[in-house]
Amino acid sequence: MTGTIIITGASAGIGKATALRFLEGGWQVGLLARRAEPLEEIAARHRGAFALPADVTDAASVDAAFGAFVEKTGRLDVLFNNAGRGAPAATIDEIEVEDWKAVVDVNLTGMFLCARAAFRQMRRQSPRGGRIINNGSISAHVPRPGTAPYTATKHGVSGLTKTIALDGRPYDIACGQIDIGNALTEMTEAFTRGVPQADGSLRPEPTMDVRDVADAVFQMASLSLESNILSMTIMATKMPFVGRG
């Protein structure tokens with residue numbers, strides 16, 4: 001199976017690795033992120049890749065990017081709603097309101113805006129339907145110390161995923177969530193040197209190849225619309241999740 005997909009946060013990390021996996025599979029891939037240069041570099045090297053510089057927190061920017069992609073490809077089969085950010089670790093009384101709002105804007109409002117644009121397109125296109133895959137996190141289940149903004153938004157993503165899955169039924173729109181733990185990227189490289197633990201210690205944690213995450217997203221996207229993976233957890237085998245704390 002091949003098709004069309006938009007991937008947000010596609011300039012680096014999980015988003016970039018996933019984009020490359022879909023391009024290898026022959027898909028047409030919309031690369032959406034704020035920074036245009038890394039997107040254009042990927043697009044220049046890969047046939048079927050389209051740079052879509054946009055800010056996921058801005059509704060007009062999101063709608064314009066989705067419209068430009070569909071104008072080029074004719075339809076949207078899958079959205080990998082991946083863009084996200086964190087904030088400096090702190091207890092809730094030390095978290096700046098501006099940091100809270102910035103994380104909510106990207107991780108929750110941005111995911112809503114992109115899902116909204118995708119749902120609208122999938123509902124009206126012919127053949128109707130498509131799939132939305134939201135990037136949750138292990139933090140959609142359990143927090144790390146000092147991560148109230150990030151953890152709260154990732155729990156919110158779980159609710160958004162289930163609601164879209166329900167509301168999408170009449171329109172052949174499937175929605176699922178992938179919760180990722182310790183994929184090795186530029187953002188998580190520090191995990192190999194030490195991560196704050198619930199007991200107050202700082203310990204290195206095992207990581208996994210980000211390519212395994214890309215393969216998992218590819219599997220979810222390749223299902224027929226009669227099937228849906230509502231929730232998948234993929235994690236480094238030996239990371240402290242089961243029994244965390």
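Structural data are supplied above this passage.
Parameters and conventions
Residues numbered from 1 in each chain as written. Predicted model: local features only at pLDDT ≥ 70, side-chain atom pairs only at ≥ 80, totals over all residues. Heavy atoms only, no water. Helix = DSSP H or I, 4+ residues; strand = E, 2+ residues; numbered from the N terminus. Buried < 20%, exposed > 50% of the residue type's maximum accessible area, 1.4 Å probe, protein only. Contact = heavy atoms within 4.5 Å. Axes fitted to C-alpha atoms, helices over the stretch in contact; angles between N-to-C directions. Parallel < 35°, antiparallel > 145°, perpendicular 65-115°, else oblique. Left-handed = near helix turned anticlockwise from the far one by under 90°. Nonpolar A, V, L, I, M, F, W, Y, C, P; charged D, E, K, R; others polar. Disulfide = S-S within 2.5 Å. Salt bridge = Lys/Arg side-chain N within 4 Å of Asp/Glu carboxyl O. Expected span 1.5 Å × (residues − 1). Core = buried A, V, L, I, M, F, W, Y, C linked by side-chain atoms within 4.5 Å.

Peer 1: Describe in detail the environment of Ile 234, supporting the description with residues and values.
Peer 2: With respect to the helices and strands, the residue Ile 234 is situated in strand 11 (residues 231-235). The buried category is assigned to Ile 234, whose relative accessible area is 16%. Along the chain, Ile 234 and Ile 138 lie 96 residues apart, while their C-alpha atoms are 8.7 Å from each other. Look past the residues within four positions of Ile 234 in its chain and what remains in contact with it is Ile 178, Asp 179, Ile 180, Gly 181, Met 208, Asp 212, Val 213 and Ala 216.

Peer 1: Could you give me a rundown of the packing of helix 1 (residues 13-24) against helix 6 (residues 210-222), with the residues and numbers involved?
Peer 2: Two numbers describe how helix 1 lies on helix 6: the axes approach to 8 Å, and their chain directions differ by 55°. Taken together, helix 1 and helix 6 sit at an angle that is classed as oblique. Here the hand of the crossing between helix 1 and helix 6 comes out right-handed. Of the residues in helix 6, those touching helix 1 at Gly 13, Ile 14, Ala 17, Thr 18, Arg 21, Phe 22 and Glu 24 are Val 210, Arg 211, Val 213, Ala 214, Asp 215, Val 217, Phe 218 and Ala 221. Across the contact of helix 1 with helix 6, the residue classes break down as nine nonpolar, two polar and four charged.

Peer 1: Break down the state of the cysteines for me, citing the residues and quoting the values.
Peer 2: By the definition in use, this model includes zero disulfides. No disulfide involves Cys 114; its nearest neighbouring cysteine sulfur is the one of Cys 175, lying 13 Å away. Among the residues examined, Cys 114 registers a relative accessible area of 1% and is labelled buried.

Peer 1: An account of the pattern of salt bridges is requested, with residue identities and associated values reported.
Peer 2: Applying the stated criterion across every chain yields a total of eight salt bridges. When the shortest N-O distance is used, the salt bridge between Asp 63 and Arg 120 registers 3.5 Å. Of this pair, Asp 63 sits in helix 3 (residues 59-73) while Arg 120 sits in helix 4 (residues 97-124), and the two are 57 residues apart along the sequence. The class for Arg 120 is partly exposed, based on a relative accessible area of 34%. Salt-bridge contacts for Arg 128 lead to Asp 172; the nearest nitrogen and oxygen are separated by 3.6 Å. On the criterion of sequence distance, the pair formed by Arg 128 in the loop between helix 4 and strand 5 (130-135) and Asp 172 in the loop between helix 5 (148-167) and strand 6 (173-181) is long-range, its members being 44 residues apart. Look at Arg 128 and you get partly exposed, because its relative accessible area is 40%. Residue Asp 172 is classed as partly exposed on the basis of its relative accessible area, which comes to 41%.

Peer 1: Before we move on, could you go through helix 5 and cite the residues and values that matter?
Peer 2: End to end, helix 5 covers 29 Å across 20 residues, agreeing with the expected 28 Å (1.5 Å per residue, within 8%). By the burial criterion, the buried members of helix 5 are Pro 149, Thr 151, Thr 153, Lys 154, Val 157, Ser 158, Leu 160, Thr 161, Ile 164 and Ala 165.

Peer 1: Quick one: what's the story with the nonpolar core, residue by residue and with numbers?
Peer 2: Side chains of a nonpolar character, in soluble globular proteins, are inclined to be buried together. Judged by nonpolar contacts, the single largest core of 36 residues is most densely connected at Phe 22, Val 29 and Ile 178. Secondary-structure elements contributing two or more residues to this core are strand 1 (4-8), helix 1, strand 2 (28-33), helix 2 (36-45), strand 4 (78-81), strand 6, helix 6 and strand 11. Counting residues per element, this core draws most heavily on helix 6, at seven residues. Once residues within four sequence positions are removed from consideration, Phe 22 is found in contact with Ile 5, Ile 7, Trp 27, Val 29, Val 217, Phe 218 and Ala 221. Among the nonpolar cores identified, the runner-up in size contains 30 residues, and Ile 6, Phe 69, Cys 114 and Val 157 belong to it.

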